[in-house]
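Okay, here's what each chain looks like letter by letter:
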Amino acid sequence: MLAPRLRPTDVWPGGATGSGTWQRLSRQPLVWVGVGLLLCLLLFAFAGPVVWHRGVGIDVAAILQPPSAGHPLGTDGLGRDYLYALMRGGKLPILSGFATAIAATALGLAAGLTAAFAPRWEAIILRTADAILSIPPLVPILIIEGFFGVSIVTLVAAVVRVHWPSTARLVWTKSLVLREMPYVDAARAAGARETEVIRRHVLPNAADTIIACFATQFGNAVLFIALATMLGAGLGAANNWATMIATSQQYMYDFYWWLVLPPGIAFALLIISVFLLCEGLRRALSPRAQAGGRLP
Amino acid sequence: MIPYVMRRIVQAVVTLVVVSLVLFLVMKLYGGDPGWIMLGRFATPAKVHALDQALGVLRPWPVQYVDWLRQLFLGGLSSAFAVLPPTILYFVLGGGLGLVLAVLVAVAQASHPGTWIDHVTSVGSLVFYALPSFWLGLVLFLIFAAQLEWLPLAPPGLAPGGQGPLGWSLAMMLPVLTLALTSVSAWSMHLRAAMEDALASDYVRTARAKGLPERLVLRRHVLREALLPLLTMIGMSFPVLLSQVIVLQLVFHLAGIGGLLESAIDYRLFGLLLNTVLVIGVITIATNLVVDILAALADPRVRFG
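Summary of the structure given here. Model, not experiment: these values are computed from the prediction.

Thoughts on a positive patch on the surface
Residue and element names in this part refer to chain B. Together, Lys210, Arg215, Arg219, Arg220 and Arg224 make up a region of like positive charge exposed at the surface. The residue Arg219 is located in helix H11 (residues 214–252) in this model. For Arg219, a relative accessible area of 51% gives the class exposed.

Observations regarding the packing of helix H11 (residues 257–285) of chain A against helix H8 (residues 133–147) of chain B
At a minimum axis distance of 10 Å, the contact between H11(A) and H8(B) shows a crossing angle of 150 degrees. Compared by their axis directions, H11(A) and H8(B) come out roughly antiparallel. You can see that H11(A) and H8(B) cross each other, and the crossing is left-handed. Taking contact as the criterion, the partners of A:Trp257, A:Val260, A:Leu261, A:Gly264 and A:Ile265 in H11(A) are, on H8(B), B:Trp135, B:Leu138, B:Val139 and B:Leu142. When the residues that make up the contact of H11(A) with H8(B) are grouped by side-chain class, the tally is 8 nonpolar, 1 polar and no charged.

Looking at the interface of chain A and chain B
Listed by partner, the interface residues are 39 residues for chain A and 46 residues for chain B. Interface of chain A and chain B: buried area, both sides summed, is about 3,900 Å²; carbon and sulfur atoms make up 82% of it. Summed over the shared surface of chain A and chain B, the number is 0 salt bridges. Scanning the region where chain A abuts chain B turns up 1 residue pair in polar contact (both at pLDDT 80 or more). At the level of elements, helix H5 (119–134), helix H6 (138–147), helix H9 (194–233), helix H10 (241–248) and H11 of chain A are the ones that each hand at least two residues to the side of chain A that touches chain B. Of all the elements, H11(A) adds the most residues to the side of chain A that touches chain B, at 11 residues. The class makeup of the residues in the side of chain A that touches chain B is 30 nonpolar, 6 polar and 3 charged.

What to know about the packing of helix H2 (residues 29–51) of chain A against helix H4 (residues 91–117) of chain A
If you want to describe how two helices pack, look at the angle between their axes and the distance between the axes. All names here are of chain A. As a packed pair, H2 and H4 sit with axes 9 Å apart at the nearest point and diverge in direction by 125 degrees. Here H4 runs oblique to H2, going by the angle between their axes. Between H2, through Leu38, Leu41, Leu42, Ala45 and Phe46, and H4, the contact on the second element is made entirely by Lys91, Ile94, Leu95 and Phe98. A breakdown of the residues in the contact of H2 with H4 according to their chemical character gives 8 nonpolar, no polar and 1 charged.

Conventions and cut-offs
Residues numbered from 1 in each chain as written. Chains lettered and ligands numbered in written order. Predicted model: local features only at pLDDT ≥ 70, side-chain atom pairs only at ≥ 80, totals over all residues. Heavy atoms only, no water. Patch = residues over 30% accessible without salt bridge, like charges linked within 9 Å, V, L, I, M, F, W, Y side chains within 5 Å. Areas by Shrake-Rupley, 256 points an atom, 1.4 Å probe, with all protein chains shown as cover. Salt bridge = Lys/Arg side-chain N within 4 Å of Asp/Glu carboxyl O. Lys, Arg positive; Asp, Glu negative; His and termini not counted. Charge placed at Lys NZ, Arg CZ, Asp CG, Glu CD. Helix = DSSP H or I, 4+ residues; strand = E, 2+ residues; numbered from the N terminus. Buried < 20%, exposed > 50% of the residue type's maximum accessible area, 1.4 Å probe, protein only. Axes fitted to C-alpha atoms, helices over the stretch in contact; angles between N-to-C directions. Parallel < 35°, antiparallel > 145°, perpendicular 65-115°, else oblique. Left-handed = near helix turned anticlockwise from the far one by under 90°. Contact = heavy atoms within 4.5 Å. Nonpolar A, V, L, I, M, F, W, Y, C, P; charged D, E, K, R; others polar. Buried area = accessible area lost by both parts, 1.4 Å probe. Polar contact = N/O pair within 3.5 Å; in protein donor to acceptor, adjacent residues only side chain to side chain.

Structure (structure tokens):
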């Protein structure tokens, strides 16, 4: 469904080389959906509060109003405009999600490549990764939450610590295959240093694995941080989408739907947009992957 | 086979020990002084010291660690075991429903590729994958309990109590449904890939050439072929499903291990918190072990990796 339907007679522009990537990328309508969505969300979270600046103070007369012309998303329990709260609340999930995903993917990539190309480190890295993977990810987060509140930095660090092993394992398995490739041997025979070989031959061919890892990491990171924030391991009084869901729980016995729906939808839109972008990128970078391996 | 199983069991035990050590260290380093906490307003250094002495927290740490483990076996885990049944129930019901839905979706997608059914369910899967599970539960509650009033407002307790069996079952439906919907997306994507692989194979082509009706092809050949990947996938999802159950229980104040965790956090019962976290860790490590052993049984490559 997410791929333009490919017939055997179709020819991707540019073939399997780097050129033509942009054409392949721009041809997929869903990539544009993803880009558009992400841009909208970024504008919403970062430019929004500046443009739509109202209802900052507590207005007891206007508490819990359903959506209206003046307040498109209604008001919350303290009379503040909910749309404004939603806009302000976006910075944290977006920034922390990207930060965590980038850090976890980078760390996992480094670990996986090291394990595959530096045999001395292979055993240690894999053992550590397996050890971290076998401890339920919820455990360290719960301990942190149960004992002390932390700053967003420590939370990001904790999530990265828990999530890098899965990427490392995937990169490692892929590298095992790639390092047996003839072009790697040829490069080594031509005298290239190991890091050169990795940079020029292994990385580009592992690109679709890496991008897939990033997409998963992003989704997991955003939801994980949201969960941790909801359970209290977040940050003081800072308002973000997750705390908005948490406070809306107080009102769950009455039908205050405008308090509950927007933050969740925002989360979903964020994750979906990045997912679509990554999927499109993956397919553009390696047309074979898109066709499920059936294109020559 | 046996050497692999032995190795995995040893690994699991080692991980368990490491987890328990880490938990113990966290408790000692960050738990604060129990005497001070318990005496509160009435604390004086002498009284705190006396209480600590009586509580046994001034002994060398290895001694305390061993003692902690001992009391775990002697009944420290009783509260955790008491709340296991509802947790397992959520797990089984939620996972079961999710599985049924995933199979239905995957079959529909594989048998009608490229049609609106395929597109709609794919989009739906993606959406459910991206939605936070606790939010989904909240929304379902809002719609079905708060607004439509089809389902009761009160959360189900440990056993059908004041609500009676019918009320309790109805109250269980929301968390179960949330769990199912959360798992469907990932599972149906995996299943669909497995089924597509099976559909492209030669024996399916033969079956179709023989004139076998499509639904028999699906049932007799494709599903059977996809069964193994399905089992592996279910096995791998156990730990994730368990954390989902715990999360739901935590967020919605349900009875179960998550509920126990919540009480421990709310009332600052550090000992209970640690014991519960340890139990959760044990269950996860145990399920990982079982899954790995089953995977090794099914796929010989795993044993020699």
